[in-house]
Amino acid sequence: MDKKTVYSGIQPSGSLTLGNYLGALKNFIGLQDEYNCLYCIVDMHAITVAQDPKLLRKNTLDVLALYLAAGLDPEKSIIYIQSHVPQHAELGWILNTISSIGQLQRMTQFKDKSKKSKEVMAGILNYPVLMAADILLYQTSYVPVGEDQKQHVELTRDLAQRFNSKYSDTFTMPDILTPKSGARIMSLQNPEAKMSKSDSDENSYILLLDDEDATRRKIKRAVTDSLNSMAYKDDQPGLKNLINIYSSFTGESVENIVSKYEGQGYGVFKADLGDVIVEGLRPLRESFKEIRSDKSYLEKVYKEGADKASYLANKTLRKVYKKMGFIPR
Ligand code: ATP
Ligand code: LTN
């Protein structure tokens, strides 16, 4: 039987955090042997908030190099940049015509992001429609993302369903794939909020490209509580988050971690967690430098990726156009 398709994307909207890694990137790697995987750098999503062109160019190549440094293999997966495959924008437009404004306005991400800006642009409202186009163009079965993207994958299913029932079966129904631990990494300074690369407080996140000292320092400064008792509980959200990070890196169960550090105070646990993260990210951090400096290799990867993705995207888009009544040229 043919392999099923896995699709995911990360925005080059800043430098990637530990949340992006544990919620998404880390899980991309293991899927490559079992599925046909496409991993995109979604630059057209990134421009839904203001971007400096120079920084966007840098961040796009950084994300590509991080993909490769983390272990994505261009021989196994299609790795490409969204704006190189215009079919995304084309299908995005089509899907806009069957998207309800009310439903888009109810998306949590839209509500959060529009609150932060004085003038709300249409792109931020239509963001999940473009995401649906990304996913549906490739007949995707599984979408590995963090928990914050659940609502967007559900919207994608609604749009697929709507199109399929209006015009006959066209799109595969995608399912979300979230990791067992690490699906929602919280801010190190405010454990009620998700760790985000656009946070103004740099102590709230660990960047994949932070150095070892900064990594250890940020963990040491992470907000916990005054109970000083090792436990995995909702009323100790800061500690809970740190235990989740430890567990995601080591694969150890939460119970094991709690009993290992019981009675030792948070200082010992935090120092060990610093080591766990530094060691866990060491291979990625080391190979990043080498890969990022090899411009011609990066160019080869994204060009070949775009060729392969365009071929697949075109197949779906042609079907869509035909079913809707557009005249083929
Ligand atoms: P921003 O923080 O700038 O709004 P983002 O990091 O949430 O952006 P993306 O870069 O597109 O958005 O996210 C890429 C992937 O990382 C997605 O799968 C998302 O679910 C995941 N992700 C982001 N933050 C976290 C987090 N704190 N915990 C777990 N997964 C996360
Ligand atoms: N909205 C996603 C990024 C994204 C994506 C996708 C993820 C854009 N298109 C397609 C999976 C599949 C986010 O994580 N913020």
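Structure shown above.
Residue positions are given per chain, counting from 1 as you read along its sequence in written order. Chain labels run from A onward and ligand labels from 1 onward, assigned in the order the entries are written. Totals for whole chains, interfaces and linings use every residue, but because this is a predicted model, local features are given only for residues with pLDDT of at least 70 and side-chain atom pairs only at 80 or more, for both listing and counting. Only heavy atoms go into the side-chain values, all of them from the structure, while hydrogens and water stay out.

> For the layout of surface pockets, give the residues involved together with the corresponding values.
Only protein atoms enter the 1 Å grid used here. Points where a 1.4 Å probe fits but cannot escape make up a cavity, open sets with protein on both sides within 12 Å along at least five of seven lines make up a pocket, and a residue lines them when an atom lies within 4 Å of a point. Grid points are joined across faces, edges and corners, and a volume is the space filled by probe spheres set on the points. By volume, the second largest pocket is sized at about 280 Å³. Only DSSP runs of H or I covering at least 4 residues are called helices, and only runs of E covering at least 2 are called strands; the numbering of each starts at the N terminus. Elements represented by at least two residues in the lining of the second largest pocket include exactly strand S2 (36–41), strand S3 (77–81) and helix H13 (295–324). Each residue gets one of three labels, nonpolar for Ala, Val, Leu, Ile, Met, Phe, Trp, Tyr, Cys and Pro, charged for Asp, Glu, Lys and Arg, and polar for the others, Gly among them. In the lining of the second largest pocket, the residues fall into seven nonpolar, six polar and four charged.

> Outline the packing of helix H7 (residues 122–137) against helix H8 (residues 150–167), supporting the account with residue identities and numerical values.
Where H7 meets H8, the closest approach of the two axes is 9 Å, and the angle between their N-to-C directions is 70°. Classified by the angle between their axes, H7 and H8 sit roughly perpendicular to one another. Note that H7 runs across H8; the crossing there is right-handed. Every residue of H8 that contacts H7 at Tyr-127, Pro-128, Val-129, Met-131, Ala-132, Ile-135 and Leu-136 is listed here: His-152, Val-153, Leu-155, Thr-156, Leu-159 and Ala-160. Looking at the contact of H7 with H8, its residues break down into 11 nonpolar, two polar and no charged. A fitted line through C-alpha atoms serves as each axis, taken over the contacting stretch for helices, and the angle formed by two N-to-C directions is quoted from 0 to 180°. When describing relative orientation, an angle under 35 degrees is termed roughly parallel and one over 145 degrees roughly antiparallel, while 65 to 115 degrees is termed roughly perpendicular and anything else oblique. Crossing handedness: left-handed means the near helix sits turned counterclockwise from the far one by under a right angle, and right-handed means the same turn made clockwise. A contact between two residues is defined here by any heavy atoms of the two lying within 4.5 Å.

> Pulling in residues and values, what's your account of the site of ligand 2?
His-45, Tyr-127, Met-131, Asp-134 and Gln-149 are the nearest of the 13 residues found near ligand 2. What qualifies as a polar contact is a pair of N or O atoms within 3.5 Å, subject to a donor-acceptor requirement within protein and to the restriction that residues adjacent in sequence count only when both atoms come from side chains. For ligand 2, a nitrogen atom lies 3.5 Å from a polar atom in the side chain of Gln-11. Within the side chain of Tyr-127, a nitrogen or oxygen atom sits 2.6 Å from a nitrogen atom of ligand 2. Alone, ligand 2 offers 360 Å² of accessible surface; in the complex the protein occludes 91% of this. Among the secondary structure elements, those contributing two or more residues to the shell around ligand 2 are strand S1 (5–10) and H7. Examining the composition of the shell around ligand 2, we find that four residues originate from one element, H7, more than from any other. Class assignment of the residues belonging to the shell around ligand 2 gives a composition of seven nonpolar, five polar and one charged. Nearness is judged by heavy atoms alone; a residue qualifies as near a molecule or strand once a single heavy atom is within 4 Å of it. Per-residue accessibility takes into account occlusion by the displayed protein chains alone, with areas from the Shrake-Rupley method and a 1.4 Å probe.

> Give a description of the side chain of Gln-32 that names residues and reports values.
Take Gln-32: it is sitting in the loop between helix H1 (18–29) and S2. A distance of 2.9 Å separates the side chain of Gln-32 from the side chain of Ser-77, its partner in a polar contact. Setting aside anything within four residues of it in sequence, one finds Gln-32 in contact with Cys-37, Gly-71, Leu-72, Asp-73, Lys-76 and Ser-77.

> Tell me what's going on with the site of ligand 1, and back it up with residues and numbers.
Taken together, 21 residues surround ligand 1, and among them Asp-148, Ile-185, Lys-194, Ser-196 and Lys-197 come closest. Within the side chain of Gln-11, one N or O atom sits 3.2 Å away from an oxygen atom of ligand 1. Burial of ligand 1 by the protein chains amounts to 95% of its free accessible area of 610 Å². The element that contributes the greatest number of residues to the shell around ligand 1 is H1, accounting for four residues. Looking at the shell around ligand 1, its residues break down into six nonpolar, 10 polar and five charged.

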